[in-house]
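Results of the structural survey
Take a look at the letters that make up each chain.
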Amino acid sequence: MAASDITALIHAATAARDRAYAVYSNHPVGAALLADDGQIYAGCNVENAAYPLGNCAEPAAIAAMVLAGGRNIAHLVVAGPGQVACTPCGGCRQRIHEFGAPDTRITMCDVDGNIVLETTLGDVLPHAFGGANVTGTKTYD
Ligand code: THU
């Protein structure tokens with residue numbers, strides 16, 4: 001990926017984070033993904049007074065991609081508040097897996113948009129359960 005592309009992804013993630021509705025946790029998160037159609041889709045967390053009904057940023061970005069017709073995530077950037085890497089929660093890792101691959105890049109950046117952690121989906125969700133498990137076509141390499 002060209003350097004300009006990751007810059008665009010980081011910008012989209014931090015811009016999404018600035019729109020987050022995180023009034024209960026004060027932990028705004030933005031996510032931006034590069035899809036197979038070459039487009040960037042972004043989302044933010046949206047909390048709710050009934051706490052379990054809050055949504056993470058990653059599924060919002062995924063929903064935007066799916067609505068536009070995209071089906072594969074090449075690279076995902078997550079922008080959290082503060083300096084600590086906001087790694088996707090367990091549920092989000094599974095949701096990313098639905099449209100990702102072991103080599104899907106996941107980049108975390110801090111409040112200032114600086115990269116603090118680079119990893120892959122395969123590293124954060126090894127031995128993932130997916131569609132091939134359901135259909136009985138799972139293979140191992
Ligand atoms: N959050 C995300 O949006 N993505 C993650 O992967 C981690 C957590 C949100 C959910 C909640 O609104 C806030 O961060 C604190 O947990």
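The structure reproduced in this document is the subject of the present report. What you see is a predicted model; the values in this text were computed from it and never measured.

Reading guide: rules and limits
- Residues numbered from 1 in each chain as written.
- Predicted model: local features only at pLDDT ≥ 70, side-chain atom pairs only at ≥ 80, totals over all residues.
- Heavy atoms only, no water.
- Salt bridge = Lys/Arg side-chain N within 4 Å of Asp/Glu carboxyl O.
- Helix = DSSP H or I, 4+ residues; strand = E, 2+ residues; numbered from the N terminus.
- Buried < 20%, exposed > 50% of the residue type's maximum accessible area, 1.4 Å probe, protein only.
- Near = heavy atom within 4 Å.
- Polar contact = N/O pair within 3.5 Å; in protein donor to acceptor, adjacent residues only side chain to side chain.
- Areas by Shrake-Rupley, 256 points an atom, 1.4 Å probe, with all protein chains shown as cover.
- Nonpolar A, V, L, I, M, F, W, Y, C, P; charged D, E, K, R; others polar.
- Axes fitted to C-alpha atoms, helices over the stretch in contact; angles between N-to-C directions.
- Parallel < 35°, antiparallel > 145°, perpendicular 65-115°, else oblique.
- Left-handed = near helix turned anticlockwise from the far one by under 90°.
- Contact = heavy atoms within 4.5 Å.
- Arc of directions from axis to C-beta.

**Things to note about the pattern of salt bridges**
If you walk through the whole model with that rule in mind, you get one salt bridge. For the salt bridge of Arg-105 with Glu-118, the shortest nitrogen-to-oxygen distance reads 3.1 Å. You can see Arg-105 sitting in strand β4 (residues 105-109) and its partner Glu-118 sitting in strand β5 (residues 115-120), a full 13 residues away along the chain. You can call Glu-118 partly exposed: its relative accessible area is 39%.

**Thoughts on the site of the ligand**
Taken together, Ser-25, His-27, Val-29, Asn-45, Glu-47, Cys-56, Ala-57, Glu-58, Thr-87, Pro-88, Cys-89 and Cys-92 make up all the residues around the ligand. Asn-45 is positioned with one of its side-chain polar atoms (N or O) 2.9 Å from an oxygen atom of the ligand. Here an oxygen atom of the ligand sits 2.5 Å away from a polar atom, N or O, in the side chain of Glu-47. About the coverage of the ligand: the protein hides 77% of its 370 Å² of free accessible area. Here the shell around the ligand is composed, by residue class, of six nonpolar, four polar and two charged.

**Focus on the packing of helix α2 (residues 57-68) against helix α3 (residues 90-99)**
For the pair α2 and α3, the least separation of the axes is 9 Å and the interaxial angle reads 20°. Of the possible angle classes, the one that applies to α2 and α3 is roughly parallel. Pair α2 / α3 crosses with left-handed handedness. Packed against α2, whose contacting residues are Glu-58, Pro-59, Ile-62, Met-65 and Val-66, the element α3 presents Cys-92, Arg-95, Ile-96 and Phe-99 at the interface. Of the residues in the contact of α2 with α3, the class split is seven nonpolar, no polar and two charged.

**Here's the deal with the environment of Gly-30**
Considering the arrangement of structural elements, one finds Gly-30 in strand β1 (residues 30-35). Along the chain, Gly-30 and Cys-109 lie 79 residues apart, while their C-alpha atoms are 10.0 Å from each other. Not counting residues within four places of it along the chain, the set of residues in contact with Gly-30 comprises Ala-13, Ala-16, Arg-17, Gly-43, Ala-57, Val-77, Val-78 and Ala-79.

**Some details on α3**
Where α3 is concerned, the buried positions are Cys-92, Arg-93, Ile-96 and Phe-99. Across the axial projection of α3, the buried residues extend over an arc of 125°, all falling on one side. Opposite the packed face of α3, turned more than 90 degrees from it, sit the exposed residues Gly-90 and Glu-98. On its buried side, α3 packs onto α2, β3 (73-79) and α4 (121-124).

Take it as geometry only, folks, not as evidence of what the structure does.
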